[in-house]
Amino acid sequence: MAFWSSTSVFTSKVPRKILFMFTLSLSVTYLFYSLMSCYNSLQFPLQENYVYQGRLVTEETTFVTLREKLYSASQGFTEFTEAERTTAVSAVKDHAEAEQRTVEWIRTQASPTKSAAAYHTTALEREHQEFSTTDSDLRVNCTSDYGEKKLPQAIIIGVKKGGTRALLEALRVHPDVRAVGNEPHFFDRNYEKGLDWYRDLMPSTLEGQITMEKTPSYFVTNHAPKRIHSMARDIKLIIVVRNPVTRAISDYTQTLSKKPEIPTFEVLAFKNRTLGLIDASWSALRIGIYALHLESWMQYFPLSQMHFVSGERLIVDPAGEMAKVQDFLGLKRIVTDKHFYFNKTKGFPCLKKPEDSSTPRCLGKSKGRTHPKIDPDVIRRLHKFYKPFNMMFYQMTGQNFEWELEEDSESRSSQD
Ligand SMILES: Nc1ncnc2c1ncn2[C@@H]1O[C@H](COP(=O)(O)OS(=O)(=O)O)[C@@H](OP(=O)(O)O)[C@H]1O
């Protein structure tokens, strides 16, 4: 009996010990794998993207600056009057100063005054706010819990009012694209928050999916090329460009919708209208000098890493532009004409099935606004002002966006 009772004590103790050891080893194994997977998800993207600390491509190369090319190119345009040539040349010089002023102003938060001249400064503040203006219904960030958050492999860097929202929403239909809905403004306003903050904004992605974001102000931000390059030198950059005259009017229309008391477009566009001196330091006009901004990007990235989308074609042939974008991103051509329909009321193509919904949807009312009528003479002058910059831009990108052909039709429609 004693034997049996001691045996039963023995048998009941052994399984408990085994059970304890087994549970302990399971816990240790679990802990070990958790730590390993955590380490991988934190470290690998950083190693992939951050390890490169290379020198600027241009430090050793003799770069024929755009400025020089522009000076000589502008001589070739007979319709480019002396006053306009002076404006164009001073625009080039003003550019760096204007960018600096933007940074300075944002830093000091100067108090706005009411004069038209002061408007140029206060406009920077509004511009600063407007870049975040996206349709609230499109802000849904459909993050799935599966996969891991990664730094973007492709960014839509510009241009403001080019059609960047339409492009991003169409791209988000693609199953291999995951994009943040908001504009993160990391490389212009939030850089000090660090890459972990930036990565955390991104939706989780599965193997083979591309992480994307769009912030149109990057294209005109001085530090953005260098900063993006130091994050990922192999990143793909997408720039949606639009006739700079229409883009400026669209930009102005957006500002006007929030501040109806601002001076007219015609007033803001000139330093001296009688002399025909265009105010290229006005941000609505400065953003459209694409060749100058592109020059900064070309110092860090080869053209093969950039793709230019025509904002005009994105409206008349969204599927055609999407095919080229998908090719550039190395994606299967999944977003096709089947995904779009033309909404007559909206006057724009809309998506049959957006990423986060199964019902058709157009962009909100802040996209596709009616523009105010602008004096056709001002439009003509602006076209002349932009012409040499556009020519240079076509030369740099190897693409002719044919904005000069639009001049007549625009002038005619403004007269209607
Ligand atoms: N499908 C579709 N629906 C609506 N709007 C479209 C579309 N495709 C391109 N566009 C043009 O996009 C212009 C707004 O450009 P962005 O989205 O880049 O603006 S923003 O910088 O993000 O504020 C917007 O400019 P405005 O027409 O001046 O409002 C549109 O012309």
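Residues numbered from 1 in each chain as written. Predicted model: local features only at pLDDT ≥ 70, side-chain atom pairs only at ≥ 80, totals over all residues. Heavy atoms only, no water.

Undergrad: What is the right way to look at the pattern of salt bridges in this model?
TA: For the coordinates displayed, the defined rule picks out 13 salt bridges. In this structure, the salt-bridge partner of arginine 172 is glutamate 169, at a minimum N-O distance of 3.2 Å. What makes arginine 172 buried here is its relative accessible area of 3%. For glutamate 169, a relative accessible area of 5% translates into the label buried. A salt bridge links glutamate 183 to lysine 214; the nearest nitrogen and oxygen atoms lie 2.8 Å apart. (Salt bridge = Lys/Arg side-chain N within 4 Å of Asp/Glu carboxyl O. Buried < 20%, exposed > 50% of the residue type's maximum accessible area, 1.4 Å probe, protein only.)

Undergrad: Just to check I follow, could you spell out the UniProt feature "domain: Sulfotransferase" (unreviewed entry) in the protein chain for this structure?
TA: UniProt marks residues 152-387 with the feature "domain: Sulfotransferase" (unreviewed entry), using the numbering shown here. End C-alpha atoms of residues 152-387 are separated by 34 Å, and the span's content is 36% helix alongside 17% strand. (UniProt positions renumbered as here; feature names shortened; annotations may be inferred. Helix = DSSP H or I, 4+ residues; strand = E, 2+ residues; numbered from the N terminus.)

Undergrad: So what exactly am I meant to see when it comes to the nonpolar core here?
TA: As a rule of thumb, soluble globular proteins bury nonpolar side chains together. Core analysis: the biggest nonpolar cluster contains 36 residues, and Tyr198, Tyr218, Ile228, Trp297 and Phe393 have the highest contact counts within it. Among all residues touching tyrosine 198, those that are not within four sequence positions of it are Leu151, Pro152, Ile155, Pro184, Phe186, Phe187, Glu213, Tyr218 and Met231. Core analysis: the second largest hydrophobic core is formed by 24 residues, Ile156, Leu167, Val173 and Val177 among them. (Core = buried A, V, L, I, M, F, W, Y, C linked by side-chain atoms within 4.5 Å. Contact = heavy atoms within 4.5 Å.)

Undergrad: What should I look at first to understand the site of the ligand in this one?
TA: Around the ligand sit 23 residues, and of these Thr164, Lys214, Ser250, Gly368 and His371 come closest. Between the ligand and lysine 214 there is a distance of 2.8 Å, counted from an oxygen atom to a side-chain nitrogen or oxygen. Starting from 650 Å² of accessible surface for the ligand in isolation, the protein chains cover 97%. Elements supplying a minimum of two residues to the shell around the ligand: helix 5 (164-171), helix 8 (244-258) and strand 11 (348-351). For the shell around the ligand, the per-class residue count stands at seven nonpolar, eight polar and eight charged. (Near = heavy atom within 4 Å. Polar contact = N/O pair within 3.5 Å; in protein donor to acceptor, adjacent residues only side chain to side chain. Areas by Shrake-Rupley, 256 points an atom, 1.4 Å probe, with all protein chains shown as cover. Nonpolar A, V, L, I, M, F, W, Y, C, P; charged D, E, K, R; others polar.)

Undergrad: Would you mind going over the pairing of strand 6 (residues 236-241) with me for this structure?
TA: In summary, the side chains of a regular strand alternate between the two faces of the sheet. When you tally the buried positions in strand 6, you get five out of six residues, the bulk of the element. The pairing of strand 2 (residues 154-158) with strand 6 spans four bridges and is parallel. The partner of isoleucine 156 across the bridge, within strand 6, is isoleucine 238. Bridge analysis of strand 6 against strand 9 (residues 306-310) gives five bridges, and the strand direction is parallel. Bridged to isoleucine 239 within strand 9 is phenylalanine 308. (Pairing = 2+ DSSP bridges.)

Undergrad: So what exactly am I meant to see when it comes to unusual backbone geometry here?
TA: With an omega of -5°, the peptide bond between glycine 158 and valine 159 qualifies as cis. Even without being glycine, histidine 185 reaches a positive phi, approximately 50°. Checked against the element boundaries, histidine 185 lands in the loop between strand 3 (177-179) and helix 6 (194-201). Its relative accessible area of 2% is what places histidine 185 among the buried residues.

Undergrad: Please explain helix 6 as it appears in this structure.
TA: Along an α-helix, residues three or four positions apart point the same way, because every turn accommodates 3.6 residues. Within the sequence span of helix 6, burial applies to Leu195, Tyr198 and Arg199. All buried residues of helix 6 lie within an arc of 100° about the axis, which places them on one face of the element. Away from its buried face, by an angle of more than 90 degrees, helix 6 presents the exposed residues Asp196 and Asp200. (Arc of directions from axis to C-beta.)

Undergrad: Just checking my understanding: could you explain the UniProt feature "binding site: 3'-phosphoadenylyl sulfate" (unreviewed entry) in the protein chain for this structure?
TA: Within this structure's numbering, the places UniProt gives as "binding site: 3'-phosphoadenylyl sulfate" (unreviewed entry) are Lys161, Gly162, Gly163, Thr164, Arg165, Arg242, Ser250, Lys367, Gly368, Arg369, Thr370 and His371. By the secondary structure assignment, arginine 165 is in helix 5. Structurally, the position occupied by arginine 242 is in the loop between strand 6 and helix 8. Owing to a relative accessible area of 17%, arginine 242 belongs among the buried residues under this scheme. Polar contacts involving the side chain of arginine 242 include one to the side chain of serine 250, which spans 3.4 Å.

Undergrad: Hey, could you run me through the packing of aromatic side chains in this one?
TA: Think of a pair of aromatic rings as described by two things: how far the centres are apart, and how the planes are tilted against each other in angle. For the structure on display, the rule yields 21 aromatic pairs. Both rings, one in phenylalanine 187 and one in tyrosine 191, keep their centres 6.1 Å apart while their planes meet at 40°; by these two values the pair is tilted. Residues tyrosine 252 and phenylalanine 265 carry aromatic rings whose centres are separated by 5.5 Å and whose planes lie at 80° to one another, so their mutual orientation is edge-to-face. Here phenylalanine 265 lies in helix 9 (residues 265-269) and tyrosine 252 lies in helix 8, a separation of 13 residues in the sequence. Phenylalanine 265 matches tyrosine 252 in its accessibility class, with the two residues each being buried. (Phe/Tyr/Trp six-rings, centres within 6.5 Å; stacked < 30°, edge-to-face > 60°.)

Undergrad: When you look at the sheet that holds strand 9 in this model, what are you seeing that I'm missing?
TA: Pairing is parallel across the open sheet formed by five strands, whose spatial order is 3-5-2-6-9. On the outer flanks of this sheet lie strand 3 and strand 9, each paired with one strand and no other. The mean inter-strand angle of the sheet, taken between neighbouring strand axes irrespective of direction, is 25°. (Axes fitted to C-alpha atoms, helices over the stretch in contact; angles between N-to-C directions.)

Undergrad: What am I meant to see in the state of the cysteines here?
TA: Every disulfide links exactly two cysteines, by a covalent bond between their sulfur atoms. Per the stated rule, a full pass over the model turns up one disulfide. Across the disulfide, cysteine 350 is cross-linked to cysteine 362 (sulfur-sulfur distance 2.0 Å). Since a negative S-S torsion denotes a left-handed disulfide, the cysteine 350-cysteine 362 link at about 100° is right-handed. Taken together, the positions of cysteine 350 in strand 11 and cysteine 362 in the loop between strand 11 and helix 14 (376-397) put the pair twelve residues apart, joining distant regions of the chain. For the residue pair cysteine 350 and cysteine 362, the accessibility class agrees, reading buried in each case. (Disulfide = S-S within 2.5 Å.)

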